[in-house]
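The lines below spell out each chain.
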Amino acid sequence: ATGFAYAPNFITKIIEQSTGIAPVGLLDVTGGSGSSAVADADADITTSPESSPSFVGPITTRFPPEPNGYLHLGHAKAVSFNFAVARAFSAGKGRCHMRLDDTNPTKEDEEYVKSILEDV
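Residues numbered from 1 in each chain as written. Predicted model: local features only at pLDDT ≥ 70, side-chain atom pairs only at ≥ 80, totals over all residues. Heavy atoms only, no water.

### A short note on the pattern of salt bridges
Note the cut-off: Basic side-chain nitrogens of Lys or Arg form a salt bridge, by our definition, when they fall within 4 Å of a carboxyl oxygen of Asp or Glu. Note on exposure labels: buried denotes an accessible area under 20% of the residue type's maximum, exposed denotes more than 50%, and partly exposed covers the range between, all computed with a 1.4 Å probe on protein chains only.
According to the stated counting rule, one finds one salt bridge in the structure shown. Residues Arg99 and Asp101 are paired through a salt bridge, measuring 2.9 Å at the closest nitrogen-oxygen approach. Residue Arg99 is classed as partly exposed on the basis of its relative accessible area, which comes to 43%.

Here is the structure:
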C-alpha cells in the first residue's frame, strides 16, 4: 500500500491515456462490476492512433494561491487534488509546484504569505 488513495476522474484518465503512465493509489470505484458511471465515462475518452502515448517528461501540476487572504475550502480541494494527481503519477516523476501568484500586488500581505505556507 502506498499510504494514500484517490478516486479516479476524467483528468487522471486523460493523463493515463495520453502518457501511458499508470497512476498508483487510485481507488477501485467500479465495485468490481465494471458497470459504474466511472466505467461508462471511460468509454467517452478515446484515443486515436494519432494521439497514442508519446508524452516525454514529468506530470506537473501547480497550486498558485494569491497571498491576498487566508486559504478557504476551495483552496483545500485544489491543493489536495493537485498534489494527489502528482503523487498518483509519481512513476512518471510527477510533481506539484506551489507558487504564490502576484496578480494583485497591492492587496498582498506578508501575513497571508506566512499563513499560506504554514497551512500547505
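### Some details on the pairing of strand β2 (residues 95-98)
Going by this rule: Two strands pair if DSSP finds at least two bridges between them. Helix and strand assignments come from DSSP, with helices taken as H or I runs of at least 4 residues and strands as E runs of at least 2, each series counted from the N terminus. Whether a crossover is right-handed comes down to one check: with the strands pointing away from the viewer, does the path from the first strand over the helix to the second run clockwise; if it does, it is right-handed.
As judged from the four bridges shared by strand β1 (residues 60-63) and β2, these two strands associate in the parallel manner. Opposite Thr60, over in β2, you have Arg95 as the bridge partner. As a crossover connection, the stretch from β1 through helix α3 (residues 73-88) into β2 is right-handed.

### Examining helix α4 (residues 110-119)
Heads up, the rule is: Our arc is simply the arc of the directions from the helix axis toward the C-beta atoms.
Of the positions making up α4, those classed as buried are Val113, Ser115 and Ile116. Buried residues along α4 cover an arc of 165° about the axis, so they all sit on one side. Facing away from the buried side of α4, by more than 90 degrees, are the exposed residues Lys114 and Glu118.

### Regarding the packing of aromatic side chains
We count it as follows: Whether two aromatic rings pair depends on their centres lying within 6.5 Å, for rings of Phe, Tyr and Trp, where Trp uses its six-membered ring; planes under 30 degrees apart make the pair stacked, over 60 edge-to-face, and the rest tilted.
Inspection of every chain in the model, using the stated rule, returns one aromatic pair. Ring centres of Tyr70 and Tyr112 lie 5.0 Å apart, and the angle between their planes is 85°; this geometry places the pair in the edge-to-face category. Separated by 42 residues along the polypeptide, Tyr70 in the loop between β1 and α3 and Tyr112 in helix α4 bring together distant segments of the chain. For Tyr70, a relative accessible area of 45% translates into the label partly exposed.

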